[in-house]
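# Structure assessment
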There are 2 protein chains.
Amino acid sequence: MTDKQIPDIVVGRLPQYLRSLQRMGREGRTLTCSQELGERLGISAAQIRKDLSQFGEFGKQGTGYQIAYLVEQLQKILNVDHEWEIAVIGAGDIGNAVARYKGFSNRGFRVCMIFDINPDKIGSQIGEFVILDYANLAETILAARIRIAMITVPADRAQEVADRLVNAGVKAILNYAPISINVPEGVRVQYIDPSIHLQRMTYYMDES
Amino acid sequence: MTDKQIPDIVVGRLPQYLRSLQRMGREGRTLTCSQELGERLGISAAQIRKDLSQFGEFGKQGTGYQIAYLVEQLQKILNVDHEWEIAVIGAGDIGNAVARYKGFSNRGFRVCMIFDINPDKIGSQIGEFVILDYANLAETILAARIRIAMITVPADRAQEVADRLVNAGVKAILNYAPISINVPEGVRVQYIDPSIHLQRMTYYMDES
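In this text, all values refer to a predicted model and were calculated from it rather than measured experimentally.

It is worth spelling out the packing of helix H1 (residues 8-26) of chain B against helix H2 (residues 34-41) of chain B at this point. Residue and element names in this part refer to chain B. For the pair H1 and H2, interaxial distance at closest approach is 10 Å and the crossing angle is 105°. Classified by the interaxial angle, the pair formed by H1 and H2 is roughly perpendicular. Counted together, Gln16, Tyr17, Ser20, Leu21, Arg23 and Met24 of H1 and Glu36, Leu37, Arg40 and Leu41 of H2 form the full contact between these two elements.

This is the structure we're talking about:
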């Protein structure tokens, strides 16, 4: 969009704006404003206006934002104006839930394959997917030009899986294993670890 | 610990430090330093020292940190030096995976009950749990003095579930439904939405 460096923390809020706006759209709404968006998200209206203004002029003073237009612009900015195919590594409980998750479709993502290392699982079905052999991970991902993967294996295996994914050209990893993984520059990792989120709340709670 | 207000962003990093230190402990290690911790986490050593110094003196210049001691201190700070019981609302794929998740036990949490609204599910078993009737949510949670819950219901139902949980005395909600929910002051919400994390990475990726 622009050449200037936008802080990660600003970028990090855009998906929340997009999600709320898409929801308003589904509710049949056509216009909104930073105040309303802020109330839905628990973010100040001023912050939202400031964040969005880094990317362009999306609203008119006094009339607010056209929801459909802003959705489209945010999808372009976040590179989700098309669907990315995702590989899931690990067909345990979480891999299962993620592979069958209905929530990706209007957000720019589609799980397209799932791998496991367990011979009892390979070849069996999860929803629409046949579980693929982890031994063939690199060539399968390379051939399909997959750039995004989710790791849902135990913590002890996560780094090895990440290394293989990176070698196969994956540039973004969503890691559900409760461990930090190291990736080379140019590859991004995000983490989903429910205990981390829970501890961020218990800090503020009285003992009991 | 102290009366001064610690920024949320600092608090937010403590669970990552704790997780890494616990892992080092399981690896049989007894000492570490901010440099090593930083390399594992992709956070600068100076940042780690600064964060920890807000809570006390945990290490000695030149000798680093005693892992077991720092783990214990962080568990106290984060209020996870005991186990919190958690209720899960929604026995779909994600609720299932979360209820059976093995990773909570050494992190300060234990799922103790799961609810659903679907008569076909109520009374049936997930792992060690019998699925409870959502109609009895409030009294069951009140009686068990549950303070933490995870919402794994569809987006459309999440706010109503959150309202009921708050009325039943819940103070911390981990929301897996892809929607922002409103809670009164004194109640905390954290979100797990994989699409949000994925979009935070696709922003930086070339189209393809």
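Our next topic: the relation of the copies chain A and chain B. Relative to chain B, chain A is turned by 180° and slid 0.0 Å along the rotation axis, the superposed coordinates differing by an RMSD of 0.0 Å. Put plainly, the chains are arranged around a two-fold axis. Comparing contact sets, 100% of the residues at the interface of chain A also lie at the interface in chain B, consistent with an isologous, same-surface contact.

A word on the pattern of salt bridges. Enumeration over the complete set of coordinates arrives at 24 salt bridges over all chains. Taking the shortest distance from any N to any O, the salt bridge between A:Glu160 and A:Arg164 comes out at 3.8 Å. Here A:Arg164 and A:Glu160 lie together in helix H7 (residues 155-167), a separation of four residues that amounts to about one turn. Residue A:Asp193 is joined to B:Arg19 by a salt bridge in which the shortest nitrogen-to-oxygen separation is 2.7 Å. Taken together, the residues A:Asp193 in the loop between strand E11 (188-191) and helix H8 (194-202) and B:Arg19 in helix H1 connect one chain to another. Residues participating in the shared-partner salt-bridge network are A:Arg23, A:Glu27, A:Arg40 and B:Asp156.

What follows deals with helix H7 (residues 155-167) of chain B. Those residues of H7(B) lying buried are B:Ala155, B:Ala158, B:Val161, B:Ala162, B:Leu165 and B:Val166. Projected onto a plane normal to the axis of H7(B), the buried residues spread over an arc of 130° and lie on a single side. Across from the buried face of H7(B), at angles greater than 90 degrees, the exposed residues are B:Asp156 and B:Asn167. Buried-residue contacts for H7(B) involve helix H1 (8-26) of chain A together with strand E4 (84-89), helix H6 (137-144), strand E9 (148-151) and strand E10 (172-175) of chain B.

This paragraph deals with the packing of helix H2 (residues 34-41) of chain A against helix H3 (residues 45-53) of chain A. All names here are of chain A. Interaxial distance between H2 and H3 falls to 8 Å at its minimum, and their mutual angle equals 110°. Taken as axis vectors, H2 and H3 run roughly perpendicular relative to one another. Remark: the crossing between H2 and H3 carries right-handed chirality. Residue-level inspection shows Ser34, Gln35, Leu37 and Gly38 of H2 in contact with H3, the latter providing Ala45, Ile48 and Arg49. Class assignment of the residues belonging to the contact of H2 with H3 gives a composition of three nonpolar, three polar and one charged.

This part is about H1(A). Residue and element names in this part refer to chain A. For H1, spanning 19 residues, the distance from its first C-alpha to its last is 28 Å, which sits close to the expected 27 Å at 1.5 Å a residue. The element H1 is largely enclosed, with a buried count of 15 among its 19 residues. The first or second residue beyond H1 is Gly28, which carries a positive phi of 90°.

To continue, consider the sheet that holds E9(B). All names here are of chain B. Taken together, six strands build an open sheet; the order of strands is E8-E5-E4-E9-E10-E11 and the sheet is parallel. Lying at the two open borders of the sheet, with one neighbouring strand each, are strand E8 (132-133) and strand E11 (188-191). The pairing of E9 with E10 spans four bridges and is parallel. Bridge pairing in E10 places Ala149 opposite Ile173. In this fold H6 packs onto E4, strand E5 (109-116) and E8, with an angle of close to 160° to the strand it touches most, E5.

Further remarks concern the pairing of E4(B). Residue and element names in this part refer to chain B. In terms of residue burial, E4 counts as a mostly covered element, since five of its six residues are buried. Following the chain from E4 across helix H5 (residues 93-100) to the adjacent parallel E5, one finds a crossover that is right-handed. Pairing geometry for E4 and E9, over four bridges, is parallel. When the bridges of E9 are listed, Ile89 appears paired with Ile151.

A few words now on the packing of aromatic side chains. Here the structure, examined in full by the defined rule, presents six aromatic pairs over all chains. Judged by centre distance (4.9 Å) and plane angle (80°), the ring pair of A:Tyr101 and A:Phe104 falls under edge-to-face. Pair check on accessibility: A:Tyr101 and A:Phe104 agree, each one buried. Measuring from ring centre to ring centre gives 6.3 Å for A:Tyr203 and B:Phe55, while their planes differ by 90°; the resulting arrangement is edge-to-face. Note that A:Tyr203 is positioned in the segment after H8 and B:Phe55 in the loop between helix H3 (45-53) and strand E2 (59-60), a pairing that runs across two chains. According to the relative accessible area criterion, B:Phe55 is buried, its value standing at 7%. Grouped by ring-pair contacts, the aromatic residues A:Phe55, B:Tyr203 and B:Tyr204 constitute a single cluster.

Moving on to the side chain of A:Gln199. Inspection of the secondary structure puts A:Gln199 in helix H8. A:Gln199 gets classed as buried once you look at its relative accessible area, which sits at 1%. A polar contact of 2.9 Å, which involves the side chain of A:Gln199, links it to the backbone oxygen of B:Arg107. Non-local contacts of A:Gln199, meaning those with residues more than four positions away in its chain, are made with B:Pro15, B:Leu18, B:Leu78, B:Val80, B:Arg107 and B:Phe109.

Conventions used here
- Residues numbered from 1 in each chain as written.
- Chains lettered and ligands numbered in written order.
- Predicted model: local features only at pLDDT ≥ 70, side-chain atom pairs only at ≥ 80, totals over all residues.
- Heavy atoms only, no water.
- Axes fitted to C-alpha atoms, helices over the stretch in contact; angles between N-to-C directions.
- Helix = DSSP H or I, 4+ residues; strand = E, 2+ residues; numbered from the N terminus.
- Parallel < 35°, antiparallel > 145°, perpendicular 65-115°, else oblique.
- Contact = heavy atoms within 4.5 Å.
- Least-squares fit on C-alpha atoms with pLDDT ≥ 70 in both.
- Salt bridge = Lys/Arg side-chain N within 4 Å of Asp/Glu carboxyl O.
- Buried < 20%, exposed > 50% of the residue type's maximum accessible area, 1.4 Å probe, protein only.
- Arc of directions from axis to C-beta.
- Left-handed = near helix turned anticlockwise from the far one by under 90°.
- Nonpolar A, V, L, I, M, F, W, Y, C, P; charged D, E, K, R; others polar.
- Expected span 1.5 Å × (residues − 1).
- Pairing = 2+ DSSP bridges.
- Right-handed = clockwise from strand over helix to strand, strands pointing away.
- Phe/Tyr/Trp six-rings, centres within 6.5 Å; stacked < 30°, edge-to-face > 60°.
- Polar contact = N/O pair within 3.5 Å; in protein donor to acceptor, adjacent residues only side chain to side chain.

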